[in-house]
Amino acid sequence: MSEAPVDPAQASGAVPPADGESPAQSKKGAKKAEAKAKKEAEKARKAAEREAAAAAQKAASGGNEDLAKDNYGDIHHTIKVAAEKVQLKHLGEEHVGKTVKVRAWIQNARMQGAKMAFVELREERNWTIQGVVSASAEGEPVSKQMVKWVGALRLESFVLVEATVQKPLEPVKSCRVSDYELHPTKVYLIAPGPEVLPLGLNASNRAIASFDDEDPQAPAAAPAEGVENLSITDSAAAPSASLSTHLNNPAMHKRAPVQQAIADVRMTVRKLFSEYLESKDFVQFEPPCLIGAASEGGANVFSLPYFDKQAFLAQSPQFYKQFEIAGGRKRVYCIGPVFRAENSNTPRHMTEFTGLDLEMEIEDHYHEVLHMIEGVMLYIFRGLQERCKDQIDLIRAIYPSDEFLLPEPGKEVRLTFAEGQKLLREEGPEEFRNVSDDEDMSTPQEKALGALVRKKFGTDFYVLDKFPESARPFYTIEDPENPKVTNAYDFFMRGQEILSGGQRIHLPDLLEARLRKKGIDPKSQGIKDYVDVFRSAGVPPHGGGGIGLDRVVAWYLNLPSVHLASYYPRTPKRLTP
Ligand code: ATP
């Protein structure tokens, strides 16, 4: 360390006195100059000391002071990123070269040498983009330390990123946003993922390996194909998981793009159902879930304590739809939960499902209703093709399916139940040679008929009309020309029932007679109130149907189970999450 140079003449005080100064005055001036020189020398010494300490510190850290330390790390309330927030799906040419802000999940993160890391960022659905984090020579805005930190971020962490948008040299095929990439300048961790994911996204986005909530007869899941196109991760190596592993990990199950695509399809079906019916002057109403009597058959109804009484969960909105018609509405519909206490552990059943129900006045013939339901279903199927194309393609890559065949306009397939049985007897598998016109169809029969109809008529959607009397509930009207059958129908998709409906009895005496014929006491609890509604005012002829939303979604997409089409499936074995 060198001291600041001091003029020896000043230091010795041998400064010649200024003109007119007395010797005493010049002595005082010399002292003052000496003090000033000392002060400056001390100041210089301290500055030199500070410089030396900084140099020593730099040497100790290998010359690596982290100049980007404020640009990454755990987020805290003082951190604000001012750049424009964009959603990945809205990224376009106008953003190239600009700085944007993105909030996303870490779908993948890996180091590429010491100065570069690749991250894959994901937003809702399968909107993914590649991020390239590279340290600059100056060490800011991105330093080597920052690169290392980003490269080690845990999967499914939620981060806030500031980045410039650039065009990659080649499209990034592994990401849905392939024409742009992000070059992060700031990365903050909002919520870390766990050390080990209980269900990784790749596994979660594969076809379900086994349906362990169901019985062993359940069909095996379709093989996964094309999943690798969704991620830069080596998804082929990811194992698939069972349905219970999925359902026990709701966050990761739901993060899978395939599940979000199914949910989109489901919500679109609901919307299309309402849209069509409202265009046909239907009005929506809300039936209760809690009811006071198990009016539609005792065995498969849930009961629960209700103060000092017992209540039940509605097995369908049937009576309430009819009350609306009795109440002066011409056309009504409702969408809501339906509860069935059936111990059915199959891919078709749940103990709670969503019903899409409608009921309407009949003017001349109950086929007015049948055609209305056919119309709404075809509107739904065509609407899905238009509005959910991306989702359907994504789902198909994981659960392969043939296209859902629709009848050409004017060529809708409507068979009577007897015609369906005849077709099965004559052209179906051997075991159905003797099926009877008086007994309801079994599920294998329905499926075999579905395959025959597809082959013969080129459609996966058709109607069976005129079900046998024995197969329908007491409120169904008999065919006036043949009381062995009813004015009632089922609708099918890919050979599986999705709707039951028909014309209802609107005259109280007829209703009582049918109840007695079915062995039900018209004065029994719940039933009497129902019959009395038809006595209390003249009710027009009417009919309708109940569609199972979960089945429509599952069979349209050819999913292996309705449990995959439901948000939170309720089955005999599952009440959580
Ligand atoms: P299944 O014979 O297949 O058990 P169901 O004859 O009891 O059905 P309905 O009472 O007629 O069915 O109900 C109307 C529609 O509701 C069915 O066509 C189906 O789409 C749906 N549905 C009925 N039960 C269930 C269930 N347990 N889980 C899911 N959907 C169901």
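Note that the structure is a prediction, hence the values are computed from the model and not measured.

(A) Region of the structure containing the overall build of the chain. Each helix and strand counted, the chain has 15 helices and 20 strands in total. Here the chain holds 577 residues, and the buried ones make up 49% of them. In the chain, the proportion of contacts linking residues at least 24 apart, taken out of those at least 6 apart, comes to 70%.

(B) Broad picture of the site of the ligand. Of all residues adjacent to the ligand, which total 13 residues, the nearest are R340, H349, E497, I498 and S500. Interatomic distance of 2.9 Å between a backbone N/O atom of M350 and a nitrogen atom of the ligand. A distance of 3.1 Å is found between an oxygen atom of the ligand and a backbone nitrogen or oxygen belonging to L499. Protein chains bury 78% of the 580 Å² of accessible surface belonging to the ligand in isolation. With four residues, the top contributor of residues to the shell around the ligand is strand 19 (residues 496–504). Its residues assigned to classes, the shell around the ligand shows four nonpolar, four polar and five charged.

(C) Up close: the pairing of strand 20 (residues 542–548). With six of its seven residues buried, strand 20 lies for the most part within the structure. Here strand 13 (residues 352–361) runs beside strand 20; their pairing, made up of seven bridges, is antiparallel. Bridge assignment links G355 to a residue of strand 20, and that residue is G548.

(D) Quick look at the sheet that holds strand 11 (residues 309–313). The strand order across the open sheet built from three strands is 9-11-10, with neighbouring strands paired in antiparallel fashion. The sheet terminates laterally at strand 9 (290–291) and strand 10 (303–306), the two strands that pair on one side only. Of the pairings in the sheet, the one linking strand 9 to strand 11 comprises two bridges and is antiparallel in character. Looking across to strand 11, one finds that I291 is bridged to F312.

(E) Local environment of the sheet that holds strand 18 (residues 488–493). An order of 8-12-13-20-19-18-15-14 is seen for the eight strands of this open sheet, with the pairing classed as mixed. Whereas interior strands pair on both sides, the edge strands pair on one side only; in this sheet they are strand 8 (283–284) and strand 14 (413–416). Where helix 8 (residues 318–326) meets the sheet, its contacts fall on strand 12 (331–339), strand 13, strand 19 and strand 20, and the angle it forms with strand 13 comes to roughly 25°.

(F) The environment of D509, seen in detail. Relative to the helices and strands, D509 resides in helix 13 (residues 508–517). Spatially, the C-alpha atoms of D509 and V531 are 8.8 Å apart, while their sequence positions differ by 22 residues.

(G) Layout of the side chain of N249. By secondary structure assignment, the location of N249 is in the loop between helix 5 (243–248) and helix 6 (250–255). Under the relative-accessibility criterion, N249 is labelled buried at 16%. Residues in contact with N249, not counting those within four places in the same chain, are P198 and L199.

(H) Quick peek at unusual backbone geometry. With an omega of 5°, the peptide bond running from E140 to P141 counts as cis. One can find P141 in the loop between strand 5 (128–134) and helix 3 (144–151). At the junction of T576 and P577, the peptide bond is cis and its omega measures out at -5° in the coordinates. Along the chain, the position of P577 falls in the segment after helix 15 (549–556). Here the phi dihedral of K466 falls at roughly 60°; this positive angle occurs in a residue that is not glycine. Phi angles above zero are rare outside glycine, and N558 is one such case at about 55°. When its relative accessible area of 35% is taken as the criterion, N558 is described as partly exposed.

(I) Spatial organisation of the nonpolar core. In terms of nonpolar packing, the biggest core is built from 63 residues, with F273, M377, F381 and F491 touching the most fellow members. No other element matches the 10 residues that helix 9 (residues 367–387) contributes to this core. The contacts of F491, once residues within four sequence positions are left out, are L370, I373, E374, M377, F461, Y462, V463, Q496, E497, I498 and L499. One finds L88, A109, L121 and L153 within the second-largest nonpolar core, a separate group that totals 31 residues.

(J) The confidence of the model for the chain, seen in detail. On average, residues of the chain carry a pLDDT of 90, and 88% of them reach 70 or more. In the model, residues 1–20 has pLDDT below 50 throughout and makes 14 contacts with residues more than four positions away in sequence or in other chains. Across residues 218–235, confidence stays below pLDDT 50; counting only partners more than four residues off in sequence or on other chains, it has 48 contacts.

(K) Local environment of helix 15. Counting buried positions over the eight residues of helix 15 gives eight, a clear majority of the element. Every buried residue belonging to helix 15 is among L549, D550, R551, V552, V553, A554, W555 and Y556, and all of these are buried.

(L) Fine view of the packing of aromatic side chains. Per the counting criterion, the structure on display carries 22 aromatic pairs. When the centroid spacing of 5.4 Å and the interplanar angle of 75° are considered together, the rings of Y320 and F323 count as edge-to-face. You can see Y320 and its partner F323 sitting in helix 8, three residues apart, about one turn around the helix. Here the aromatic rings of F404 and Y556 are separated by 5.2 Å at their centres, their planes lie at 45°, and the arrangement is tilted. With F404 in the loop between helix 10 (389–398) and strand 14 and Y556 in helix 15, the pair connects residues that are 152 residues apart, well separated along the chain. The same class applies to F404 as to Y556, namely buried. An aromatic cluster is present here, built from F319, Y320, F323, F474, Y475, Y530 and F534 joined pairwise through their rings. Seen from the ring of F467, R472 lies directly overhead, with NZ or CZ sitting 4.5 Å from the centre.

(M) Expanded view of a nonpolar patch on the surface. A grouping of M267, Y567 and Y568 is seen on the molecular surface, where their side chains present a nonpolar patch of about 270 Å² in accessible area. Note that M267 resides in helix 7 (residues 257–279).

(N) Quick look at the pattern of salt bridges. Enumeration according to the criterion identifies 32 salt bridges in this entry. Between R154 and E195 there is a salt bridge, and its shortest N-O distance comes to 3.6 Å. With a gap of 41 residues between them, R154 in the loop between helix 3 and strand 6 (158–166) and E195 in the loop between strand 7 (181–191) and helix 4 (201–204) connect regions that are remote in the sequence. Several salt bridges share partner residues, and in doing so they unite E469, E478, R514, K517 and K518 into one network.

Parameters at a glance
- Residues numbered from 1 in each chain as written.
- Predicted model: local features only at pLDDT ≥ 70, side-chain atom pairs only at ≥ 80, totals over all residues.
- Heavy atoms only, no water.
- Helix = DSSP H or I, 4+ residues; strand = E, 2+ residues; numbered from the N terminus.
- Buried < 20%, exposed > 50% of the residue type's maximum accessible area, 1.4 Å probe, protein only.
- Contact = heavy atoms within 4.5 Å.
- Near = heavy atom within 4 Å.
- Polar contact = N/O pair within 3.5 Å; in protein donor to acceptor, adjacent residues only side chain to side chain.
- Areas by Shrake-Rupley, 256 points an atom, 1.4 Å probe, with all protein chains shown as cover.
- Nonpolar A, V, L, I, M, F, W, Y, C, P; charged D, E, K, R; others polar.
- Pairing = 2+ DSSP bridges.
- Axes fitted to C-alpha atoms, helices over the stretch in contact; angles between N-to-C directions.
- Core = buried A, V, L, I, M, F, W, Y, C linked by side-chain atoms within 4.5 Å.
- pLDDT = per-residue confidence, 0-100.
- Phe/Tyr/Trp six-rings, centres within 6.5 Å; stacked < 30°, edge-to-face > 60°.
- Lys NZ or Arg CZ within 6 Å of the ring centre and 35° of its normal.
- Patch = residues over 30% accessible without salt bridge, like charges linked within 9 Å, V, L, I, M, F, W, Y side chains within 5 Å.
- Salt bridge = Lys/Arg side-chain N within 4 Å of Asp/Glu carboxyl O.

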